[in-house]
Amino acid sequence: MTALAARNEQTTVAARLASRSDLTAFFMNLTDEIGADGYMLVAIAQDQDRDNLQIIASNWIYDAIQIAGHALIAGLAQGPFASAPGVRPQSLIAAQAPAVLGGEEARLLDVLGHAEIFALRLHVGRQRLFVLFSAAEAGRIDPDAMPRTQLECCYALSQAPAILAAASMQDPLSDRERECLFWVSEGKTTDEVALILGVSSNTVNSYITHAIQKLSASNRAMAIATAIRSGII
């Protein structure tokens, strides 16, 4: 690749990751290219005696994340199968991993549609970032594509520090608070959001109130504007 072509590619990647939506599209495209079904980008910060995990971007269904739990996801991201850049990635096959994960956790991943998982460590500044690519069937992900994919993730994310800052540990909202605020920003009423999330209208109002307080906003409209401007939704 010529120097001009390389600069053009860098500009394209940087422009492509101008928002959370761009970040989602970027990982969806990578997921499709390598033959995976799912992806999850996480940041992990050490908080006293435990790891504090924040999901930055993911296409795992909400119930799967809740059932698996943050402890299992953090264990996958930092486990013995997680590969650093420059080290050939190895897949974790859930059906063959009871000794690594525990029998119940291995079966759980398989049932949730994550029979095969590649865990990649990403070197992006000082943040501890990890990406999980998964498939419902073992052998579907192209292992030869993983080193290039890992480097592409590192480079692309290094071009988007503002998005990562807003989306990772500096995001003050819980998953539910973020979901409620997102749906309200899409024009949904409280009752409609409650129906979408399967909770009561009072619960939705409570989540939105908490989001307003955390974002130091005076009302819903200001909270939504702040969240959009910060890349939180």
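Located above this text is the structure these notes cover.
The following paragraphs examine the structure supplied in this document. None of the values given here were measured: they were computed from a predicted structure.

Conventions used here
- Residues numbered from 1 in each chain as written.
- Predicted model: local features only at pLDDT ≥ 70, side-chain atom pairs only at ≥ 80, totals over all residues.
- Heavy atoms only, no water.
- Helix = DSSP H or I, 4+ residues; strand = E, 2+ residues; numbered from the N terminus.
- Buried < 20%, exposed > 50% of the residue type's maximum accessible area, 1.4 Å probe, protein only.
- Contact = heavy atoms within 4.5 Å.
- Pairing = 2+ DSSP bridges.
- Salt bridge = Lys/Arg side-chain N within 4 Å of Asp/Glu carboxyl O.
- Axes fitted to C-alpha atoms, helices over the stretch in contact; angles between N-to-C directions.
- Parallel < 35°, antiparallel > 145°, perpendicular 65-115°, else oblique.
- Nonpolar A, V, L, I, M, F, W, Y, C, P; charged D, E, K, R; others polar.
- Expected span 1.5 Å × (residues − 1).
- Arc of directions from axis to C-beta.

### Observations concerning the environment of tyrosine 39
Within the secondary structure, tyrosine 39 is located in strand β1 (residues 38-47). Assessed through its relative accessible area of 1%, tyrosine 39 is described here as buried. Distance in space between the C-alpha atoms of tyrosine 39 and serine 134 is 6.3 Å, their sequence separation being 95 residues. When sequence neighbours within four positions are dropped, the list of residues in contact with tyrosine 39 reads Thr24, Phe27, Met28, Thr31, Ala57, Ser58, Asn59, Trp60, Leu132 and Phe133.

### Let's talk about the pairing of strand β4 (residues 116-124)
Buried residues dominate β4, accounting for seven of its nine residues. With nine bridges joining them, β4 and strand β5 (residues 127-135) adopt antiparallel strand pairing. Considered in β5, the bridge of valine 124 is made with glutamine 127.

### A short note on the pairing of β5
Of all nine residues in β5, seven are buried, a share of seventy percent or more. Hairpin connection from β4 to β5: two residues lie between these consecutive antiparallel strands, with glycine 125 at a positive phi of about 60 degrees.

### A closer look at the pattern of salt bridges
One pass over the full model with this rule turns up five salt bridges. Aspartate 37 is the salt-bridge partner of arginine 140, the closest N and O atoms lying 2.8 Å from each other. In this pair, arginine 140 is assigned in the loop between β5 and α6 (146-158) and aspartate 37 in the loop between α2 (20-33) and β1, connecting sequence segments 103 residues apart. The partly exposed category is assigned to arginine 140, whose relative accessible area is 39%. One salt bridge in this structure joins arginine 88 and aspartate 144, with 2.9 Å as the shortest N-O distance. With arginine 88 in the loop between α3 (62-78) and β3 (91-93) and aspartate 144 in the loop between β5 and α6, the pair connects residues that are 56 residues apart, well separated along the chain.

### Brief notes about the packing of α3 against helix α5 (residues 103-111)
Contact pair α3 / α5: the axes reach a minimum separation of 12 Å and the direction vectors enclose 105 degrees. Classed by the angle they form, the pair α3 and α5 counts as roughly perpendicular. Here α3 contributes Ile67, Ala68, Leu72 and Leu76 to the contact with α5, which in turn contributes Glu105, Leu108 and Leu109. Looking at the contact of α3 with α5 residue by residue, the class counts come to six nonpolar, no polar and one charged.

### Quick look at α2
Between its first and last C-alpha atoms α2 spans 20 Å; for 14 residues at 1.5 Å apiece the expected length is 20 Å, and the two agree. Among the residues of α2, those classed as buried are Arg20, Leu23, Phe26, Phe27, Leu30 and Thr31. Viewed along the axis of α2, the buried residues span an arc of 130 degrees, placing them on a single side of the element. Exposed residues pointing more than 90 degrees away from the buried face of α2 are listed as Ser21, Asp32 and Glu33. The positive-phi residue at the C-terminal boundary of α2 is glycine 35, with phi of around 85 degrees.

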